[in-house]
Amino acid sequence: MNRLLVGALAFALGAIPATAQSLEDLNIQIHGYATQGFLYTTNNNIFTTSSSHGSPAWSEAVVNVGAQPTPKLRVGVQARYFLLGNYGNTITLDWAAADYKVNDKFGIRFGKVKTPTGLFNEVQDIDPSYIWSLLPQGIYPITSRNSLLAHYGGVLYGTLDAKKLGKLEYRAWGGVRVLSEDDGYFLVQKESGSALPNGLTRINEGAAIHWKMPLPGLMIGASNDREMTSTSTLTQVIALPTTTINLTGTEKIDSLNKPNFFGRYEHNKFMVAGEHFRFPVIGAVQFGAPPASAFRVDQQAWFGMASYKVTEKLTAGAYDSQLVNRQSALGPGRYQKDWAISGRYDFNQYLYAKAEQHFVQGTALGYDTTLNPNGLQPNTKLTVLKMGVSF
Amino acid sequence: MKKLLYAFLLAASASIFVVQAKAQVIVIANNSVKATEVSKNDLKDVFTGASTSLGGGSVVPILLKSGTANEEFLQAYIGKNDTAYRAGWRSLVFSGQATMPKSVDGDAAVVEFVSHNAGAVGYISKASPHDGVKVLAIK
């Protein structure tokens, strides 16, 4: 069924770019994009694909319908088909929101809305908008992307003119975030026989500031997303030689702050950016009577990136992305370092191709044990090729 | 490998000193727009979706689909080519932050739209007729 829907979506994307124009009478616009990726790794299989043999199991298609009935009011909805290895293969709602912008200083958006954390979260799923095939995975993990992109609730936003000091863009948000049962964060847990059948639902709130400084093109900013304490049902399957035992318990995760600090400078054909992110988790699982079994994660990730528009159609870039889990045991599973070089060629304003080479050290992200039954090698080279069309 | 990447970063940094040519385009606005002049930064904000006001009033940008005036305007005031510029708008559209501005064929269509729609702001070649609209001076 899903493949039929994808086929229909891809056909629509390829066949009707002309309809991307505004439907004037209704003030309605229809946009979309589709991408097909190819992954090849020299060692480990990544993102639950068989990438060491070369894998095309990375497809996305998005349709966006928006309307602006009055100059201050916009409504829109966006649906996505996502497939990456064993992730996704389903159609989900990216966002569906109404937006009322009183003026540049104040607006409100509500419904299922993009969460404006960090430098890229609002656009991390929008492949046509940047050069990279994979954003730095320590901060923008593609296997958890659908969960982290949006929340149910609202966002207040606006821009304050600080005169000679530049402009301050602010965002404040609140609502509920739902991490689905098959989210990438739960992969290791799932492979050990544990599952969160209802996923993880957490109340969140946060704020972000982007300071556009007096030097044109320079922006620095910070954001913090706070997630409240949550408790979810947890199941555990224990396989014994003669039987299996099914346990039901709870997983509790304490409230946590996820701060980002970032900056970007753009001038003519040149862009440079950097970001730091921390993800500290304290939780406990409990089956039956106390005591509960505690666990901790303290991931810190950062990247520096630069890109340059070599010609009208060709852009080249590179980044260094690193992540370390300070609560993890010493060894390759504690960290991930990723040097990437990337190129993007725009054939025209609709069609583009990307190529990217990663030099990955460490195994903290993106790997499963099922598709790597002989264990993980500490280093991997990853080649990514991608084609995309948007309208 | 790292040396190559550092060399790339150095070469990219050199691009900061590239000098732009002055554009042969003018910015026009509906007579309802209060502003008579606009700074380059404010103009960029309006045409990249960062702002929807000029001189205290609401404005709506209109784009040329293609052509020399379009390329010159984008290069001089936005700092991007057409493909990169529209990719920026698509980012806003796909993240639910904006609606894509209307695009029309030719200067005459821009003048026609701007003259008949309150708050409309567009750009055309200096040489094109532009009766019924006001020209905004660029500060």
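Scroll up for the structure.
Predicted model only: the values in this text are computed from it and were never measured.

### Some words on the overall build of chain A
- Looking only at helices and strands, chain A features three helices and 19 strands.
- Computed over C-alpha atoms, the radius of gyration of chain A comes to 22 Å, within 12% of the 21 Å expected from 2.2 N^0.38 for 391 residues, which places it in the range of a compact globule.
- Projected onto its principal axes, the C-alpha coordinates of chain A cover approximately 70 × 45 × 40 Å.
- For chain A, the residues scored as buried account for 41% of the 391 residues in total.

### Considerations on the overall build of chain B
- In terms of regular secondary structure, chain B is built from five helices and eight strands.
- Taken over 139 residues, chain B has a buried fraction of 42%.
- Long-range contacts, defined here as pairs at least 24 residues apart, represent 68% of the contacts in chain B between residues at least 6 apart.

### Some thoughts on the interface of chain A and chain B
- On the chain B side, the residues contacting the 41 residues of chain A number 30 residues.
- Mapped by element, the contributors of at least two residues to the side of chain A that touches chain B are β1 (28-41), β2 (55-70), β3 (73-84), β4 (87-103), β5 (106-114), β15 (293-309) and β17 (335-346) of chain A.
- A total of five residues in the side of chain A that touches chain B trace back to one element, the largest contributor, which is β4(A).
- Classifying every residue of the side of chain A that touches chain B by side-chain character gives 16 nonpolar, 15 polar and 10 charged.

### Considerations on the sheet that holds strand β5 (residues 60-64) of chain B
Residues and elements named next belong to chain B.
- In spatial order, the strands read β2-β8-β1-β7-β5-β6; together these six strands make up an open sheet with mixed pairing. The strands lining the two open edges of the sheet, one partner per strand, are β2 (37-38) and β6 (102-104).
- Relative to strand β7 (residues 120-125), strand β1 (residues 25-29) runs antiparallel, the two sharing five bridges. Pairing of A29 across the sheet is with V121, part of β7.

### Some points on the environment of K44(B)
All names here are of chain B.
- Position of K44 among the secondary structure elements: in helix α2 (residues 40-47).
- Owing to 18 C-beta atoms within 10 Å, K44 belongs among the partly exposed residues under this scheme.
- Sequence separation between K44 and L92 is 48 residues; the distance between their C-alpha atoms is 15 Å.

### Topic: helix α4 (residues 82-94) of chain B
- Between its first and last C-alpha atoms α4(B) spans 18 Å; for 13 residues at 1.5 Å apiece the expected length is 18 Å, and the two agree.
- Every buried residue of α4(B) is accounted for by D82(B), T83(B), Y85(B), R86(B), A87(B), W89(B), R90(B), V93(B) and F94(B).
- In the core, the buried residues of α4(B) are packed alongside β1, β2, β3, β17 and β19 (379-390) of chain A together with α3 (68-78) of chain B.
- Following α4(B) by one or two positions, G96(B) has its phi on the positive side, about 80°.

### Concerning the nonpolar core
- Counting 53 residues, the largest nonpolar core has L39(A), L84(A) and A306(A) as the members making the most contacts within it.
- Setting aside residues no more than four positions away along its own chain, L39(A) makes contact with I46(A), F47(A), T49(A), S51(A), S55(A), W58(A), L382(A) and V384(A).

### What about helix α5 (residues 107-116) of chain B?
Residues and elements named next belong to chain B.
- Among all positions in α5, only D107, V110, V111 and V114 are buried. The buried residues of α5 occupy one face: seen down the axis, they fall within an arc of 95°.
- Of the surrounding elements, those touching the buried residues of α5 are β1, β5, α3, β6 and β7.

### A look at the environment of T42(A)
Residues and elements named next belong to chain A.
- With respect to the helices, strands and loops of the structure, T42 is situated in the loop between β1 and β2.
- For T42, a count of 14 C-beta atoms within 10 Å corresponds to the partly exposed category.
- Sequence-distant contacts of T42, defined by excluding residues within four places in its chain, comprise T380 and K381.

Calculation notes
- Residues numbered from 1 in each chain as written.
- Chains lettered and ligands numbered in written order.
- Predicted model: local features only at pLDDT ≥ 70, side-chain atom pairs only at ≥ 80, totals over all residues.
- Helix = DSSP H or I, 4+ residues; strand = E, 2+ residues; numbered from the N terminus.
- Rg over C-alpha atoms; globule rule 2.2 N^0.38 Å.
- Buried ≥ 20, exposed ≤ 12 C-beta atoms within 10 Å, placed from the backbone.
- Contact = placed C-beta atoms within 7 Å.
- Nonpolar A, V, L, I, M, F, W, Y, C, P; charged D, E, K, R; others polar.
- Pairing = 2+ DSSP bridges.
- Expected span 1.5 Å × (residues − 1).
- Core = buried A, V, L, I, M, F, W, Y, C linked by C-beta atoms within 7 Å.
- Arc of directions from axis to C-beta.

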